[in-house]
2 protein chains.
Amino acid sequence: MSSYKDKKVITIGIVNEITGLSCRMIRYYESRGLIFPERTERGTRKYSFSDIELLMEIANKREEGIQTYEIKKELQNENKDREVRDHMIRGQLNAQFNLKKL
Amino acid sequence: MSSYKDKKVITIGIVNEITGLSCRMIRYYESRGLIFPERTERGTRKYSFSDIELLMEIANKREEGIQTYEIKKELQNENKDREVRDHMIRGQLNAQFNLKKL
DNA sequence: CGTGTAAGGAATTCTGACACG
DNA sequence: CGTGTAAGGAATTCTGACACG
């Protein structure tokens, strides 16, 4: 779908510039399972624009005092919601398709 | 228009990984006026996905033996073509708009 | 002209740890 | 728990130059 948005090509220094989050924080959120950067051959972390957006969301929730563990659960629920929605849309499309076949 | 595609956030090492062009070549094409990366505060070059696509085009033309100066002219013509096309489209839209006013 | 490379320095990134709270 | 920081090493990037053709 989104070819540029999800490509992991941005180093941590640039992510720090864009989000304002310290490298320490960015790496910590990774260790807590909130984000999943890729690595270059020699181990340098690479992030996508999606990761950056996610980090901004995380930063907002942290400002509200929400702990990383809670944030992780919220993110998982968001994904579940998306799956449910997609599943329903697919179900409706199939229903329409089946009606046409009648 | 394209928010991610044109954002300059990719370091030269990643561009090298993606395009296969050596850092030397990438910097040389810049010195010849074919690409225009931005810089971080301390001088590290930053490229966009558009720059990467442009570099692939340049690489193709170089393989055909076309010199950088010629490539530069071709790129400028492409931009001119685009401008002309955009101008014409705008002209047609205006013409239709004016017709409706009659 | 276009590209490789060695050179020297500066800035980046990485990990594991101590600190505070 | 979440974040800062100093530590030491490894990898990156930068520039200007010499080389070949």
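Rules used in this analysis
Residues numbered from 1 in each chain as written. Chains lettered and ligands numbered in written order. Predicted model: local features only at pLDDT ≥ 70, side-chain atom pairs only at ≥ 80, totals over all residues. Heavy atoms only, no water. Salt bridge = Lys/Arg side-chain N within 4 Å of Asp/Glu carboxyl O. Helix = DSSP H or I, 4+ residues; strand = E, 2+ residues; numbered from the N terminus. Buried < 20%, exposed > 50% of the residue type's maximum accessible area, 1.4 Å probe, protein only. Contact = heavy atoms within 4.5 Å. Buried area = accessible area lost by both parts, 1.4 Å probe. Arc of directions from axis to C-beta. UniProt positions renumbered as here; feature names shortened; annotations may be inferred. Least-squares fit on C-alpha atoms with pLDDT ≥ 70 in both. Core = buried A, V, L, I, M, F, W, Y, C linked by side-chain atoms within 4.5 Å.

Further remarks concern the pattern of salt bridges. According to the stated counting rule, one finds 16 salt bridges over all chains in the structure shown. Where glutamate 30 of chain B meets arginine 45 of chain B, a salt bridge forms, and the shortest distance between an N and an O atom there is 2.9 Å. One end of the pair, glutamate 30 of chain B, is in helix H2 (residues 23-31); the other, arginine 45 of chain B, is in strand E2 (residues 45-46), and 15 residues separate them in sequence. Look at glutamate 30 of chain B and you get buried, because its relative accessible area is 19%. Three or more residues joined by partner-sharing salt bridges are found here, namely Glu30, Arg39 and Arg45 of chain A.

Turning next to the interface of chain A and chain B. Contact with chain A, which involves 13 residues of that partner, is made by 13 residues of chain B. Between chain A and chain B, roughly 1,300 Å² of surface is buried when both sides are summed, and carbon and sulfur atoms account for 71% of that area. For the chain A face of the interface with chain B, the top three residues by lost area are Tyr4, Val9 and Phe49 of chain A, together amounting to 50%. Between the two partners, chain A and chain B, sit two salt bridges.

Every α-helix winds through 3.6 residues per turn, so residues three or four apart in the chain are directed the same way. When helix H1 (residues 12-19) of chain A is considered as a whole, its buried residues turn out to be Ile12, Ile14, Val15 and Thr19 of chain A. Angularly, the buried residues of H1 of chain A cover 155 degrees about the axis, an arc narrow enough to put them on a single face. The inward-facing, buried residues of H1 of chain A contact helix H2 (23-31), strand E2 (45-46) and helix H3 (49-63) of chain A together with E2 of chain B. After H1 of chain A finishes, the residue glycine 20 of chain A shows a positive phi value of roughly 80 degrees.

Taking the numbering used here, the UniProt-annotated feature "domain: HTH merR-type" (unreviewed entry) corresponds to residues 9-77 of chain A. With 61% helix and 6% strand, the stretch residues 9-77 of chain A has end C-alpha atoms that lie 27 Å from each other.

Right, let's talk about the relation of the copies chain A and chain B for a bit. In this arrangement, two copies of a chain are superimposed by a rotation about an axis accompanied by a shift along the axis. Superposing chain A onto chain B requires a rotation of 180 degrees together with a translation of 0.1 Å along the rotation axis, leaving an RMSD of 0.1 Å. Viewed as a symmetry operation, the transformation between the two copies matches a two-fold axis. Among all residues of chain A, the one whose C-alpha sits closest to the rotation axis is isoleucine 10 of chain A, at a distance of 2.8 Å. The residues that chain A uses at the interface reappear at the interface of chain B in 100% of cases, marking a shared surface.

With that settled, consider the environment of arginine 27 of chain A. Residue and element names in this part refer to chain A. Mapping arginine 27 onto the fold places it in helix H2. Between the C-alpha atoms of arginine 27 and tyrosine 69, which are 42 residues apart in sequence, the distance is 15 Å. Ignoring sequence-local partners within four residues, the contact set of arginine 27 consists of Ile12 and Arg45.

The biggest cluster of nonpolar side chains holds 38 residues, and the ones touching the most others in it are Ile10, Ile26 and Leu55 of chain A together with Ile10, Ile26 and Leu55 of chain B. Excluding its chain neighbours within four sequence positions, the residues that come into contact with isoleucine 10 of chain A are Val15, Arg45, Lys46, Tyr47, Ser48, Phe49 and Ile52 of chain A together with Val9 of chain B.

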